[in-house]
Structures are given as C-alpha cells and as structure tokens.
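Here is what each chain is made of, one letter per residue.
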Amino acid sequence: MTLHKDILDFLFPRHCVVCNTTLSIHEKSICTRCLLHLPRTDYHLVEHSPLEKFFWTQFPIEKAVSFFHHDGNKVRSIIYALKYHANPNTGIDIGHIYAQELQAESDFFSTINCIIPMPLHWMRQLKRSYNQSYYIAKGISQSTSIPIYNNVVKRIKNNPSQTQKNHTERKTNVANIFKLTNPTKIAGKHILLIDDVVTTGSTITSCAIELSKAPNVRISILTLAIASRTPSPTSPNDIPDSQIFGMLLTE
Ligand SMILES: [Zn+2]
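The following refers to the structure shown. (Residues numbered from 1 in each chain as written. Predicted model: local features only at pLDDT ≥ 70, side-chain atom pairs only at ≥ 80, totals over all residues. Heavy atoms only, no water.)

What to know about the coordination of the zinc ion
As a reminder, the rule being used: Each metal site lists N, O and S donors within 2.8 Å (3.2 Å for Na, K and Ca). With water left out of the atoms, a site can look as if it is missing ligands. Irregular is the default label, applied whenever a site is not tetrahedral (four donors, all angles between 85 and 135 degrees) and neither square planar nor octahedral (four or six donors, opposite donors over 155 degrees apart, all other angles between 65 and 115). In this scheme, a residue with accessible area under 20% of its type's maximum is buried, one over 50% is exposed, and one in between is partly exposed, where area comes from a 1.4 Å probe on protein chains only.
Within the protein, the zinc ion binds to C16 (SG), C19 (SG), C31 (SG) and C34 (SG); these donor distances fall in the range 2.3 Å. Around the zinc ion sit four donor atoms; with metal-centred angles ranging over 102 to 117°, the donor geometry is tetrahedral. The class for C19 is partly exposed, based on a relative accessible area of 35%. The exposure class assigned to C31 is buried, which follows from its relative accessible area of 7%.

Here it is as structure tokens:
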C-alpha cells in the first residue's frame, strides 16, 4: 500500500495548495511548513468564542468554530483550490486535519449526532460539479465517525451573490432559500452544519432557521475560514460583503 502510494507520488507528484512545493507521502494538500503558519482561530480553546457570540445575535446556536482567519493569501489559496480549481479532495484533507486537532484539544464533537453540509442550489452544483461543503463534511465524518445526513434540507433558490449588499439586503436575499425536506430524520438531534467560509453569517443563519423547524434540534457550526472583518456582535452590520471579505467570492 505504501509502496503503491510512493509510486503514485513519484509519477504524479502532489503539491501544496498554498506554496506549491511537492508534498511528501504523509502530507495532505498542505505542507507541514504552511500548516504550521496558517492563522488559526483556536476558537475551540476559548469559552464562548467571538464566532459563537456573533451567531447568538442571529440564532441560538450551541457552538461555533472556524479553522482559520481568512486574512491573507495563504487561506485564500486554500479556499480557491477548494472552490474554483476543481480540487474537492482539498476539503476532505483539511476536514481530516481540523477534526483531528479538535478531537485532540477539545470535546467539540462529543454531543454531535450528525453532520449536514451547507446545500448548494442544484444549478450551482451542476456548474461546479460538486458541493465543496460536502467534501469538508466528508473529511470530518471520516475522522469522527459522525454520519453525514444528505437530503435533509435543500436550497430552493439560487440567490444572487451576497457581495455588495448591506445587512438588510443580505437578510432579505437569503430569507426562505432553504427547504427542510426530512424533519423526522433530524428530530431531537444535535446537528453540525458545515460551510466553507463564514462572512456575514446570513446564509448559515437562514439554513439554521429552516433546520430548527424540526422538533428539538440543536445546531452547531463549523467552517474552514472566517472573514477577517466579520462584524463583531456589538457593532452594526452595515458593511457590504465585498468590504468585509476584501475579495469577491460567490457561493
Ligand atoms: Zn506549503
């Protein structure tokens, strides 16, 4: 098996999605050097992280973590590889890495019953050919043995990008864009909702509101990155996404 992988790595060398150096056989998508220097949030190490407090202003979530601050080219390279370079396995690899860190350093997963990746509208998924959040969820699921529940909620509106919209417009833009299709399956469960990047939280909140129509659900959130200027819970949220994120990203 190792020999087989050695040969594959020799014939088809894999490269770090951040710095493009050739990966060793034990490295997954990101080289050890880049992994050490990425801007982690470490939200799982603090009680009531800023991300949790931020979501509490919008929806009563249980817990919220994000792997990295999205404040530089390194994390941008990861998100681009995952979303725009047709490299979904990056999501699985980083899902593994994050899950292993969370398991080693916290009890984050201890009460989670199931994982739900943020659904894409079918037209957007057809265009990209995959849902990047599903691949992150797959990595998390493989490391934790927590099952992924697909087909519980779907996105029924292919809403326009959130960029260039203010707070009120964003909320209107994402209102009722999800439809809960199988409430029985998640009744009484603690759900981990997974997305790639949280910018304003509007889309995640909209999905959480729809999931909460099932009886007695609890919802926690995990994302790979958080926009560096995600508004604080005490400040008004009137900043267009393009300014928050500093770049144009579509879902
Ligand atoms: Zn690297």
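A closer look at a nonpolar patch on the surface
Keep this limit in mind: Patches in this entry comprise residues that are over 30% relatively accessible and not in a salt bridge; like charges within 9 Å are linked, as are nonpolar side chains (Val, Leu, Ile, Met, Phe, Trp, Tyr) within 5 Å. Here, Shrake-Rupley sampling with a 1.4 Å probe gives the accessible areas, and only protein chains in the shown set may cover a residue. In the sections that follow, a salt bridge refers to a side-chain nitrogen of Lys or Arg positioned within 4 Å of a carboxyl oxygen of Asp or Glu. Secondary structure is summarised from DSSP: a helix means a run of H or I of at least four residues, a strand means a run of E of at least two, and numbering begins at the N terminus for each.
The grouping of I7, L8, L11 and F12 at the surface amounts to a nonpolar patch, some 400 Å² of accessible area in total. Within the secondary structure layout, I7 lies in helix α1 (residues 2-11).

Focus: the pattern of salt bridges
Enumeration over the complete set of coordinates arrives at four salt bridges. In this structure, K213 engages E210 in a salt bridge whose closest nitrogen and oxygen atoms are separated by 2.8 Å. On the basis of relative accessibility, which here comes to 7%, the residue E210 falls in the buried class.

Here we look at unusual backbone geometry
At S29, a position not held by glycine, the phi torsion is positive, near 60°. Structurally, S29 can be placed in the loop between α1 and α2 (32-37). Its identity as a non-glycine residue notwithstanding, N216 has a phi of 55°, on the positive side. Here N216 lies in the loop between α10 (202-211) and β6 (218-227).

Description of the nonpolar core
The cut-off we apply is this: Residues belong to a common nonpolar core when they are buried Ala, Val, Leu, Ile, Met, Phe, Trp, Tyr or Cys residues joined through side-chain atoms within 4.5 Å. Source of the domain bounds: an automatic or database domain assignment. Whether two residues are in contact is decided by their heavy atoms: any pair within 4.5 Å suffices.
Core analysis: the biggest nonpolar cluster contains 66 residues, and I30, I186, L211 and L222 have the highest contact counts within it. Three or more residues apiece are contributed to this core by two domains, here domain 1 (1-37) and domain 2 (39-245). What L211 contacts, discounting residues up to four positions off in sequence, is I116, V152, V153, L180, I186, I191, L193, V217 and I219.

Notes on the sheet that holds strand β2 (residues 114-117)
Going by this rule: At least two bridges found by DSSP between two strands is the condition for calling them paired. Helix axes use the C-alpha atoms of the stretch in contact, all axes being lines fitted to C-alpha atoms, and the angles between their N-to-C directions lie in the range 0 to 180 degrees.
The four strands lie next to each other as β1-β6-β5-β2, forming an open sheet whose pairing is parallel. The open sheet has two edge strands, β1 (64-70) and β2, and neither has a second partner. When the angles between neighbouring strand axes are averaged without regard to direction, this sheet yields 20°. Across four bridges, β2 lies against strand β5 (residues 190-198) in parallel orientation. Across the sheet, the residue bridging to I116 is L193, located in β5. The sheet strands contacting helix α7 (residues 132-144) are β2, β5 and β6, and the helix crosses β5 at an angle near 130°.

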